[in-house]
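Inside the fold
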Amino acid sequence: MPVRSKARRPLIAGNWKMNGLARPAGTEFRKILRHAALPRRLKSEIVICPPATLLAVLAAFWRRSGSKRRVALGGQDCHPKTHGAHTGDIAAEMLRDAGAAFVIVGHSERRADHGETNAVVRAKAEAAHRAGLAAIVCVGETLAERDSGRAIAVVEDQLAGSLPAGANARNTVIAYEPVWAIGTGRTPTPRDITQVHGVIRQNLAKSFADGTDFRILYGGSVKPANAAELLNLANVDGALVGGASLTAAEFWPIVAAKG
Ligand code: PEP
């Protein structure tokens, strides 16, 4: 029986990764703002996570738009510390200063490319909370882990190790992103997604007083064609979208699929 909570407003988050130059990215973002400003019922909250270089650029458009309550901006990573000698890194406070309300932490590309452990991801989530940002904490198994029957154990381990004690449903969102589904056009079966999201929900409910209120996003090759099916599964409270978030033409039908 899926656990339902009125508090779980659906969230559709776009992860632009290392894509986007100011002019064309600004054009796409303004299209998203215009869609979101139309006077119609919109269940979902929308978050766009551009490269850090674009946050202030997009925040200027956002401030002038009529979509402030429906759309927010997010970073893609942050450093655990507030400031200091960390060349190339960005503090959560800096993201907030540039206009972010969210930050993705523990994306599998960061875990793989930068060796980020659960402890590092937890420190980053704590930094996000300290700065007043909501952390989108990513978990998900590799193909080898799924094929060897360890998907659930891996996700449970990442969840236990990556979430700080101060996490709650307002400052933390979970994104289940099987590594093998990211950018590949492959997705788990609805049954597999429902199973993993159900396990994540049970773990959250055990560990946090408001565990039934956390939003759990699915991420990995979400497209306009599969969005309605994926977003309506039990305990799927939205999506983290990579490739299909880069243009309003592909992203908006995914938002519309959740309503
Ligand atoms: C992601 O990288 O978070 C992601 C879900 O990518 P894609 O939608 O392109 O698979």
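The model shown is predicted, which means the values in this text are computed figures rather than measured ones.

Remarks on the overall build of the chain
Across its full length, the chain carries 10 helices and eight strands. Relative to the globule expectation of 18 Å for 259 residues, the C-alpha radius of gyration of the chain, 17 Å, shows essentially globular dimensions. Structurally, the chain occupies a C-alpha span of about 45 × 45 × 35 Å along its principal axes. Looking at the chain as a whole, 53% of its 259 residues qualify as buried.

Some remarks on the site of the ligand
By nearness alone, 14 residues border the ligand, and Lys17, Glu177, Gly183, Ser221 and Gly242 come closest of all. Lys17 has a polar side-chain atom sitting 2.5 Å from an oxygen atom of the ligand. Note that an oxygen atom of the ligand is positioned 2.8 Å from one of the backbone N or O atoms of Ser221. When isolated, the ligand has an accessible area of 290 Å², and the protein chains bury 97% of it. Class assignment of the residues belonging to the shell around the ligand gives a composition of four nonpolar, eight polar and two charged.

Quick notes on the packing of aromatic side chains
If you walk through the whole model with that rule in mind, you get two aromatic pairs. Relative to Phe214, the ring of Phe208 has its centre 5.3 Å away and its plane inclined at 35°; by these criteria the two rings are tilted. Note on Phe208: relative accessible area 12%, which makes it buried. Assessed through its relative accessible area of 0%, Phe214 is described here as buried.

Quick look at the sheet that holds strand S8 (residues 238-241)
Neighbouring strands of a sheet are bound in pairs by backbone hydrogen bonds; such pairs are parallel or else antiparallel. The parallel closed barrel is built from eight strands, whose spatial order is S1-S2-S3-S4-S5-S6-S7-S8. Each strand of the sheet is rotated relative to its neighbour by a mean of 25°, with strand direction disregarded. Summarising the sheet, strand S1 (residues 11-15) and S8 pair through four bridges and their orientation is parallel. Note on S8: the bridge partner recorded for Ala13 is Leu240. In the packing of helix H8 (residues 190-207) onto the sheet, the strands contacted are strand S5 (134-139), strand S6 (172-176) and strand S7 (215-219), and the crossing angle to S7 comes to about 150°.

Focus: the packing of helix H7 (residues 151-162) against H8
Packing of H7 against H8 brings their axes to within 10 Å, and their N-to-C directions diverge by 35°. In this structure, H7 meets H8 at a crossing whose hand is right-handed. Along the contact surface, H7 presents Ile152, Val155, Glu156 and Leu159, while H8 presents Gln195, Val196, Val199, Ile200 and Asn203. Taken together, the residues that form the contact of H7 with H8 break down as six nonpolar, two polar and one charged.

Quick word on H8
Here H8 is 18 residues long and its end C-alpha atoms lie 26 Å apart, about the 26 Å a rise of 1.5 Å per residue gives. Here H8 has its buried residues at Ile193, Val196, His197, Gly198, Val199, Ile200, Arg201, Asn203 and Leu204. Residues of H8 that are buried in the fold lie against S5, helix H6 (143-147), H7, S6, S7 and helix H9 (224-231).

With respect to the pattern of salt bridges
All chains considered together, the criterion is met by 12 salt bridges. Asp237 is the salt-bridge partner of Arg8, the closest N and O atoms lying 2.9 Å from each other. With Arg8 in the segment before S1 and Asp237 in the loop between H9 and S8, this pair connects stretches of sequence that are 229 residues apart. By relative accessible area, which is 6% here, Asp237 ends up buried. Salt-bridge contacts for Arg146 lead to Asp192; the nearest nitrogen and oxygen are separated by 3.5 Å. Pair noted here: Arg146 is in helix H6 and Asp192 is in helix H8, with a separation of 46 residues, a long-range link.

Calculation rules
- Throughout this description, residue numbers start from 1 for each chain and increase along the sequence as written.
- Thresholds applied to this predicted model are a pLDDT of at least 70 for local features of residues and 80 or more for the giving and counting of side-chain atom pairs; totals over whole chains, interfaces and linings are not thresholded and use all residues.
- Processing note: side-chain calculations cover all non-hydrogen atoms of the structure and skip hydrogens and water entirely.
- Helix numbers and strand numbers start at the N terminus; a helix is a DSSP run of H or I with at least 4 residues, a strand a run of E with at least 2.
- With the radius of gyration taken over C-alpha atoms, the globule rule is written as 2.2 Å times the number of residues to the power 0.38.
- Three exposure classes are used, based on accessible area relative to the maximum for each residue type with a 1.4 Å probe and protein chains only: buried under 20%, partly exposed in between, and exposed over 50%.
- We define proximity as follows: a residue is near a molecule or strand when any one of its heavy atoms falls within 4 Å of that partner.
- Counted as a polar contact is a pair of N or O atoms within 3.5 Å, where, for protein atoms, one must be capable of donating a hydrogen and the other of accepting one, and residues adjacent in sequence contribute only when both atoms are in side chains.
- Per-residue and other accessible areas follow the Shrake-Rupley method at a 1.4 Å probe size, with only the shown protein chains counted as cover for residues.
- In this count, Pro and Cys sit with the nonpolar residues alongside Ala, Val, Leu, Ile, Met, Phe, Trp and Tyr, while Asp, Glu, Lys and Arg are called charged and the others, Gly among them, polar.
- Here the aromatic set is Phe, Tyr and Trp, taking the six-membered ring for Trp, and pairing holds for ring centres within 6.5 Å; pairs whose planes are under 30 degrees apart are stacked, those over 60 apart are edge-to-face, and all others are tilted.
- Pairing between two strands requires that DSSP report at least two bridges joining them.
- Axis definition: a line fit to C-alpha positions, over the contact stretch in the case of helices; interaxial angles, taken between N-to-C directions, run 0 to 180 degrees.
- In this analysis, two residues are considered to be in contact whenever any of their non-hydrogen atoms come within 4.5 Å of each other.
- Crossings are assigned a handedness: left-handed for a near helix turned anticlockwise from the far helix by less than a right angle, right-handed for a clockwise turn.
- What a helix should span is 1.5 Å times the count of its residues minus one.
- Between Lys or Arg on one side and Asp or Glu on the other, a salt bridge is scored when a side-chain nitrogen of the former is within 4 Å of a carboxyl oxygen of the latter.

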